[in-house]
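Commentary on secondary and tertiary structure
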Amino acid sequence: MPLMGSLYIGSSGLQTSQNALNTTAHNLSNVDTTGYTRQQVQQSNRAYVTLSTDPKSIANKQTGLGVTYSRVKQVRDYFLDKTYRKESGRSMFYEVSTEVMEEVESQLGELNGEAFQTTMTDFWTAIQELSKDPSSSVTQGMLVQRAAEFVQRAGAVYSGLSSYQNNLNTQIKQNVDKINKYGNQLLTLNDQIRAIESGGIEHANDLRDARNQILDELAELTNMTFSEDRYGSVSVQIEGVDFVKDGTCYEIALKTDEATGFYTPFWPQDATYTVRADGTRDYNIDGAEVFDLSVEISSDLNTDIGGLKAMLLARGDHRANYTDLAEGKYDSVSQSVVMNIQGEFDQMIHNVVTKINDILAEAAGVQSGDLELADGTTLKNAKYCAVDSDGYMRMEDGTPIQLFTKVTTDGYRKVTGKDGKDYWVMNEEKADSPESLYTIGNLQVNSALMQEPSKLGFRLADGSEDKKTADALKAAFTEESYTLNPNVQKKTTFVDYYTDLVSQVSNSGYVFRSIYENQVSTVEATQSAREQVIGVSTDEELSNMIKFQNAYNASSRYINVISEMLEHIISTLGV
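Only a predicted model underlies this, so the values are computations on that prediction, with no experimental measurement involved. (Residues numbered from 1 in each chain as written. Predicted model: local features only at pLDDT ≥ 70, side-chain atom pairs only at ≥ 80, totals over all residues. Heavy atoms only, no water.)

**A few points about the pairing of strand β6 (residues 234-238)**
Among the five residues of β6, five are classified as buried, and the element is accordingly described as predominantly covered. Note that strand β5 (residues 224-228) and β6 share five bridges and pair antiparallel. Residue Phe-226 lies in a different strand from β6, and its bridge partner there is Val-236. The hairpin turn running from β5 into β6, its antiparallel successor, is five residues long, and Gly-232 in that turn takes a positive phi close to 95 degrees. In this structure, β6 lies alongside strand β7 (residues 241-245), joined through three bridges in antiparallel fashion. Bridging from a neighbouring strand, Val-236 pairs with Val-244 of β7. Linking β6 to β7, which pair antiparallel, is a turn of two residues; within it Glu-239 sits at a positive phi near 55 degrees. (Buried < 20%, exposed > 50% of the residue type's maximum accessible area, 1.4 Å probe, protein only. Helix = DSSP H or I, 4+ residues; strand = E, 2+ residues; numbered from the N terminus. Pairing = 2+ DSSP bridges.)

Dropping the structure here:
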């Protein structure tokens, strides 16, 4: 090979070694950069120059032109990436679920420094003291006072749960906005990567790192799958629906419930809509929801992935009350932590309130049965009493006394019977009429009793103490007739109901916490395996640096030798 041509070999060695050193330095400088993937140098031969061909020879006469810096590739494992992202999404699901349970425990366990259990105990103590001396104005006043505290603090607990729903609702919107932002960033990165790599020479590794980091973030929020086409563009599916594909980001929209303000993520492209008079769209999102919250949550079905889904499940779709625990309706709230607790807590309050009111109604002479009215209609299974009938537990107008009353509607209404007499009829509770329900949000202590507790009296018409009614109130608190929800078989009392409710939350929280801790271990193990592939090893990079530095020095000395030989030949020929 001519000596002048030999300089190409040395020059290529210098250039290639210098580029390799730059890559090594780039790896070392990003050793602590989040999302960085180590880059690996690949070298190859430059094209050979053919001097002559001879069919009889084993090989043609060729001369090489040295080495070339062919590409710098990212070192990643597709299957480890896929596993890590699925497991991190599952970990986030149970992390959110654990945080929700801890918040619910906090709401139930403490209320401005005082546990609600104390309120239940105080109310129960007041009932017991009343049974000892029913006609005492002191015990009657204590009963009304404890009842007022019971209603007030129950309202505060329920309000705390509702506020937490609002908090989760805000987080849901923030996370949907973040997901849409990530989708548009992926589109931009796809375009940039495709533009750089279209020539087939350069590789946009740093841009790919940024894109992979976004995919990691998306995987924590949703059940996400991804694929890369031959042009370097990534497509993303969320819950099996295209999110980023073919240069388009199909952003997730939010439907706002007018009653609660709760957001529901949905796919606009799959929803139908009508145009309002002001030009805005009114979407019908049936079948277009991003998440199907009715399916069973199971790791086997991969339905327990993504922090956003966990927030939606925990928040639920409305503010629950005791009517949501009815047979046939409970499935709609059972998977929502907050709604489940709201329903069970409200059921406890409702049972206490209605039971006490029913006992007082019996003392007022209220009876159950069919009542024929003057207009010819019949009230089936009504609770009623004649305005002028016997029964001491009455107000001045003859209305049966209720310790607990509704805020929006009256407890009784006056009707005229077929016999011409006036009757007080208890207004029925209707599940489709919230203002008719004895729920926490529609509950108060009788204002007349708050001003004058002695109206209770607890003295019969003959002047004797009504020990029977006082004992009935006491017995009501120890009667094992109540369950937390339709799926629980254990019967409990008013005294133990709240304890069982808190225990249920604690047990569920323990289960979520255990799953989360196990999931964290799985994610850490997967991340460790992934880091062994994509992570930068300072020892390895320093070893490469020495190798490439020696290669650079060798190329430099090679050029010096060729230079000296040329100088010697020229000097000799010149002589």
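**Regarding the sheet that holds strand β14 (residues 378-386)**
Here we have four strands laid out as an open sheet, ordered β13-β14-β17-β16, and antiparallel in their pairing. Strands with a single pairing partner mark the edges of an open sheet, and in this sheet they are β13 (367-372) and β16 (412-416). Between one strand axis and the next, the sheet turns by 55 degrees as a mean value, whatever way the strands run. (Axes fitted to C-alpha atoms, helices over the stretch in contact; angles between N-to-C directions.)

**Some thoughts on the packing of aromatic side chains**
By the definition in use, this model includes 18 aromatic pairs. With a centroid separation of 6.3 Å and 90 degrees between ring planes, the pair formed by Phe-123 and Phe-404 is classed as edge-to-face. Placement of Phe-123 in helix α3 (residues 116-132) and of Phe-404 in strand β15 (residues 404-406) is noted, with a sequence separation of 281 residues between them. Through a chain of ring-to-ring contacts, the aromatic side chains of Phe-116, Phe-123, Trp-124, Phe-150, Phe-345, Phe-404, Phe-477, Tyr-482, Phe-494 and Tyr-498 assemble into a single cluster. Sitting over the face of the ring of Phe-226, Arg-85 holds its NZ or CZ atom 4.7 Å from the ring centroid. One residue, Arg-530, lies across the ring of Tyr-84, its end atom 4.1 Å from the ring centre. (Phe/Tyr/Trp six-rings, centres within 6.5 Å; stacked < 30°, edge-to-face > 60°. Lys NZ or Arg CZ within 6 Å of the ring centre and 35° of its normal.)

**Some details on the sheet that holds strand β8 (residues 248-249)**
An order of β5-β6-β7-β8 is seen for the four strands of this open sheet, with the pairing classed as antiparallel. Among the strands making up the open sheet, the edge pair consists of β5 and β8. Relative to β8, β7 runs antiparallel, the two being bridged by two bridges. Following the sheet pairing, Val-244 is matched in β8 by Cys-249.

**Focus on a nonpolar patch on the surface**
On the surface, Tyr-510, Val-511 and Ile-515 cluster together into a nonpolar patch covering about 290 Å² of accessible area. The residue Tyr-510 is located in helix α10 (residues 494-534) in this model. (Patch = residues over 30% accessible without salt bridge, like charges linked within 9 Å, V, L, I, M, F, W, Y side chains within 5 Å. Areas by Shrake-Rupley, 256 points an atom, 1.4 Å probe, with all protein chains shown as cover. Salt bridge = Lys/Arg side-chain N within 4 Å of Asp/Glu carboxyl O.)

**Describing helix α2 (residues 78-109)**
With 32 residues, α2 should reach 46 Å at 1.5 Å per residue; the first-to-last C-alpha distance of 46 Å fits that figure. For α2, the capping residue at the N-terminal end is Asp-77, with a side-chain oxygen 3.0 Å from the backbone nitrogen of Phe-79. (Expected span 1.5 Å × (residues − 1). Polar contact = N/O pair within 3.5 Å; in protein donor to acceptor, adjacent residues only side chain to side chain.)

**Comments concerning unusual backbone geometry**
Phi is positive for Glu-239, close to 55 degrees, though the residue is something other than glycine. Among the structural elements, Glu-239 can be located in the loop between β6 and β7. For Phe-458, which is not glycine, the phi torsion reads 55 degrees and is therefore positive. The residue Phe-458 is located in the loop between α8 (447-451) and α9 (467-476) in this model.

**A few points about the packing of α3 against helix α4 (residues 137-197)**
As a packed pair, α3 and α4 sit with axes 9 Å apart at the nearest point and diverge in direction by 160 degrees. Taken together, α3 and α4 sit at an angle that is classed as roughly antiparallel. The chirality of how α3 crosses α4 is left-handed. Counting all contacts with α3, which are made through Phe-116, Thr-119, Met-120, Asp-122, Phe-123, Ala-126, Ile-127, Glu-129 and Leu-130, the residues of α4 involved are Thr-139, Gln-140, Met-142, Leu-143, Arg-146, Ala-147, Glu-149, Phe-150, Arg-153, Ala-154 and Val-157. (Parallel < 35°, antiparallel > 145°, perpendicular 65-115°, else oblique. Left-handed = near helix turned anticlockwise from the far one by under 90°. Contact = heavy atoms within 4.5 Å.)

**Comments concerning helix α5 (residues 205-221)**
Compared with the 24 Å implied by 1.5 Å per residue over 17 residues, the 25 Å span of α5 between its first and last C-alpha is a close match. When we look at burial in α5, the residues that qualify are Asn-205, Arg-208, Asp-209, Arg-211, Asn-212, Ile-214, Leu-215, Asp-216, Leu-218, Ala-219 and Leu-221.

**As for the pattern of salt bridges**
Two side chains carrying opposite charge are able to pair once their charged atoms lie near each other. Following the criterion strictly, the structure yields 27 salt bridges and no others. Between Arg-513 and Glu-102 there is a salt bridge, and its shortest N-O distance comes to 3.6 Å. Taken together, the residues Arg-513 in helix α10 and Glu-102 in helix α2 connect sequence positions 411 residues apart. Note on Arg-513: relative accessible area 25%, which makes it partly exposed. Take Glu-102: its relative accessible area is 38%, and that puts it in the partly exposed class. For the salt bridge of Lys-418 with Glu-372, the shortest nitrogen-to-oxygen distance reads 3.3 Å. Here Lys-418, found in the loop between β16 and β17 (422-426), pairs with Glu-372, found in strand β13; they are 46 residues apart in sequence, far enough to count as distant.

**Description of the side chain of Thr-354**
Relative to the helices and strands, Thr-354 is located in helix α7 (residues 337-363). In this structure, Thr-354 is in contact with Glu-429 and Tyr-438, ignoring residues within four places of it in sequence.

**Observations regarding the environment of Tyr-263**
By secondary structure assignment, the location of Tyr-263 is in strand β10 (residues 263-266). Measuring from C-alpha to C-alpha, the distance between Tyr-263 and Lys-173 comes to 7.1 Å, with 90 residues separating the pair along the chain. Beyond its immediate chain neighbours, meaning those up to four positions away, Tyr-263 contacts Asn-169, Lys-173, Leu-254, Lys-255, Thr-256, Leu-312 and Arg-315.

**Side note on the pairing of β13**
Pairing analysis gives five bridges linking β13 to β14, with the strands arranged antiparallel. The residue of β14 that forms the bridge with Ser-368 is Lys-383. Hairpin connection between β13 and β14: a loop of five residues separates the two successive antiparallel strands, and Gly-376 in this loop has a positive phi of roughly 95 degrees.

**So, the packing of α4 against α5**
Across the interface, α4 lies against α5 with an axial gap of 9 Å and an inter-helix angle of 155 degrees. Overall, the two elements α4 and α5 adopt an arrangement that is roughly antiparallel. Once α4 is placed against α5, the crossing between them reads as left-handed. Between α4 and α5, the contacting residues are Asn-175, Lys-178, Ile-179, Tyr-182, Gln-185, Leu-186, Leu-189, Asn-190, Gln-192, Ile-193, Ile-196 and Glu-197 on the first element and Leu-207, Arg-208, Ala-210, Arg-211, Ile-214, Leu-215, Glu-217, Leu-218 and Leu-221 on the second. Residue composition of the contact of α4 with α5, by class: 12 nonpolar, four polar and five charged. (Nonpolar A, V, L, I, M, F, W, Y, C, P; charged D, E, K, R; others polar.)

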